[in-house]
Amino acid sequence: MIRIFLFGAALWLVFRLWPVILVLIVALLVMGTLSPAVQWLERHRVRRNFGILLVFLAVSIAAVLVLTLTVPSIVNQAISLLEREPAFRTGLADRLAQHHLSAPFADWLRNLSYGALGNTMAATAFGYSLRIFEIAAYGMSAIFLALYMMIDRDRLRGGLFALVPRTHHIRLSRVMLNVETIVGAYIRGQLITCALMGAFTFILLRACGVENALALAVFASVADILPYIGAILSVLPAVLAALGHSSTSALVVLVMMVAYEEFESRLLVPRIYGQSLRLPSSVVFLALLVGGTLMGLLGAILALPVAATVMMLIEELRVGLPGEQEQAEDLMLRAKDSLGEEEYIRRSTGVAAEEAAAIAVEISSDRREKDRFKIAGDPNPGLLEK
């Protein structure tokens, strides 16, 4: 009964603290994305705190430059789209009136009144503006939390290792390193797919002579982050803008955008995320479906790193699956685990948890580098083993 009560209390606490948990998840994503750059600076003899400052400063400058170069043009093009809306609506209605099936829709489009719609949109926009402000506040909190976590990495890691028995410190260090790798790979995959979508949309709209191509391309690249509805949000504005230019341009944009969406979802996403997260293509599709079904858009966004983390935990914790038989490679991995744990106990005896955590991470990092060299076909693996 006590266990049931504690489990129910934990679920209630998770439900009440869900926004805070999301902030922590986003902070871990930011931390995992920026940590490789900080580690690279550390390897080049830059102090960690100064390296963190340089990385955050570089990211901030890059973000300001991107916003400065794109936002004015996007705003101007958006204003141009709004100014051209009456003429665009009239032209679209005239084209629809030429066909018997679409004539009723043309009449509705000509008689469309923005009075009630404007009032409804104003109330909706006010509600969404408060929501956007709340999300921005949580986002800034996550960024600052990631900064503090990176600065206090050693103390936080030492506190975590103090809660775990020393016999599990090597596995815990491997799990932490692999989670950092998974997070970085996921963020890089998102950046690659969004950049490719934006570049493709911009080139296509410019080639078709559609105005305001930059604003539409930026919107398509941002919408590409969202699973499922991202495809509709990327294609629909581009097709409507092309329809104001000509029917042929709209048809070309529609066909090319749909073809690219299929190419991205069927080939590009499984290959990028499958290779970076070490997930089979079938697992990528299944994870997206399960995450979207359980938690909607947020679940679909977090499905891939969660699936990669679960598979990594099964592998690193040496969890025996029901239908799997132990192979010779598993015996070798267990032997390496024993050697690593013996070395860790020998080196960490009598030291504080913070230093012990650093030793465990160092041993796990060295082992991972040796495994990478062997996979790449190192000509002298015996020297590495020695």
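The written sequence of each chain sets the order in which its residues are numbered from 1. In keeping with the predicted nature of the model, local features appear solely for residues at pLDDT of at least 70, side-chain atom pairs appear and are counted solely at 80 or more, and the whole-chain, interface and lining totals rest on all residues. Side-chain calculation: all heavy atoms of the structure are included, whereas hydrogens and water are not.

Focus: the packing of helix α7 (residues 153–163) against helix α8 (residues 169–207)
Here is step 1 of the chain: To obtain each axis, a line is fitted to C-alpha atoms, and for helices this fit is confined to the stretch in contact; angles are then taken between N-to-C directions over 0 to 180 degrees. Only runs of H or I of at least four residues qualify as helices and only runs of E of at least two qualify as strands under DSSP, and these elements are numbered from the N terminus. One can describe the packing of α7 onto α8 by two numbers: an axis separation of 10 Å at closest approach and a directional angle of 135°. When the axes of α7 and α8 are compared, the pair comes out oblique. Handedness of the crossing formed by α7 with α8: right-handed. Each of Arg157, Leu160 and Phe161 in α7 lies in contact with α8, whose residues at this interface are His169, Leu172, Ser173 and Met176.
Here is step 2 of the chain: Only Asp, Glu, Lys and Arg are considered charged, only Ala, Val, Leu, Ile, Met, Phe, Trp, Tyr, Cys and Pro nonpolar, and every remaining residue, Gly among them, polar. Tallied by class, the residues present in the contact of α7 with α8 amount to four nonpolar, two polar and one charged. By definition in this entry, angles of less than 35 degrees are roughly parallel, angles greater than 145 are roughly antiparallel, angles of 65 to 115 are roughly perpendicular, and the rest are oblique. Here a crossing is called left-handed whenever its near helix is offset anticlockwise from the far helix by less than a right angle, and right-handed whenever the offset is clockwise. Any pair of residues with heavy atoms lying within 4.5 Å of one another is described as a contacting pair.

Here we look at the environment of Tyr186
Here is step 1 of the chain: By secondary structure assignment, the location of Tyr186 is in helix α8.
Here is step 2 of the chain: Measuring from C-alpha to C-alpha, the distance between Tyr186 and Thr33 comes to 8.8 Å, with 153 residues separating the pair along the chain.

Some details on the pattern of salt bridges
Two side chains of opposite charge can pair, provided their charged atoms sit close to one another.
Here is step 1 of the chain: What counts as a salt bridge is simple: a side-chain nitrogen of Lys or Arg found within 4 Å of a carboxyl oxygen of Asp or Glu. By the definition in use, this model includes six salt bridges.
Here is step 2 of the chain: Salt-bridge contacts for Arg48 lead to Glu42; the nearest nitrogen and oxygen are separated by 3.1 Å.
Here is step 3 of the chain: The salt bridge involving Asp154 is made with Arg157; its shortest N-O contact spans 3.3 Å. Taken together, the residues span about one helical turn, with Asp154 and Arg157 both in helix α7 at a distance of three residues.

Details of the packing of aromatic side chains
Here is step 1 of the chain: Between rings of Phe, Tyr and Trp, where Trp is taken as its six-membered ring, a pair exists when centres lie within 6.5 Å; planes separated by under 30 degrees are stacked, by over 60 edge-to-face, and by other angles tilted. A full pass over the atoms with the stated rule returns two aromatic pairs.
Here is step 2 of the chain: Aromatic side chains Tyr260 and Phe263 sit 6.1 Å apart centroid to centroid with 45° between the ring planes, which places their arrangement in the tilted category. Separated by three residues within a single helix, Tyr260 and Phe263 lie in helix α11 (residues 247–277), roughly one turn from each other.
Here is step 3 of the chain: Grouped by ring-pair contacts, the aromatic residues Phe200, Tyr260 and Phe263 constitute a single cluster.

What about helix α1 (residues 2–16)?
Here is step 1 of the chain: Here a helix's expected span is defined as the number of its residues, less one, multiplied by 1.5 Å. Here α1 is 15 residues long and its end C-alpha atoms lie 21 Å apart, about the 21 Å a rise of 1.5 Å per residue gives.
Here is step 2 of the chain: When you tally the buried positions in α1, you get zero out of 15 residues, a small fraction of the element. With a 1.4 Å probe rolled over the protein chains alone, any residue whose accessible area is under 20% of its type maximum counts as buried; one over 50% counts as exposed, and the rest are partly exposed.

Points about the confidence of the model for the protein
Here is step 1 of the chain: pLDDT measures the predictor's confidence residue by residue and takes values from 0 up to 100. For the protein, mean pLDDT is 76; residues scoring 70 or higher make up 79% of the total.
Here is step 2 of the chain: No element of the protein has a lower mean pLDDT than helix α15 (residues 381–385), which averages 40, and none a higher one than α1, which averages 85.
Here is step 3 of the chain: In the predicted structure, residues 378–386 sits below a pLDDT of 50 and forms seven contacts with residues beyond four places in sequence or in another chain.

Re a nonpolar patch on the surface
Here is step 1 of the chain: Patch criteria: residues need more than 30% relative accessible area and no salt bridge. Like-charged residues are merged within 9 Å; nonpolar side chains of Val, Leu, Ile, Met, Phe, Trp and Tyr are merged within 5 Å. Note on areas: Shrake-Rupley with a 1.4 Å probe; residue coverage comes only from the protein chains shown. Together, Val14, Trp18, Leu286, Val290, Leu294 and Met295 give the surface a local cluster of nonpolar side chains, amounting to about 560 Å² of exposed area.
Here is step 2 of the chain: Here Trp18 lies in helix α2 (residues 18–43).

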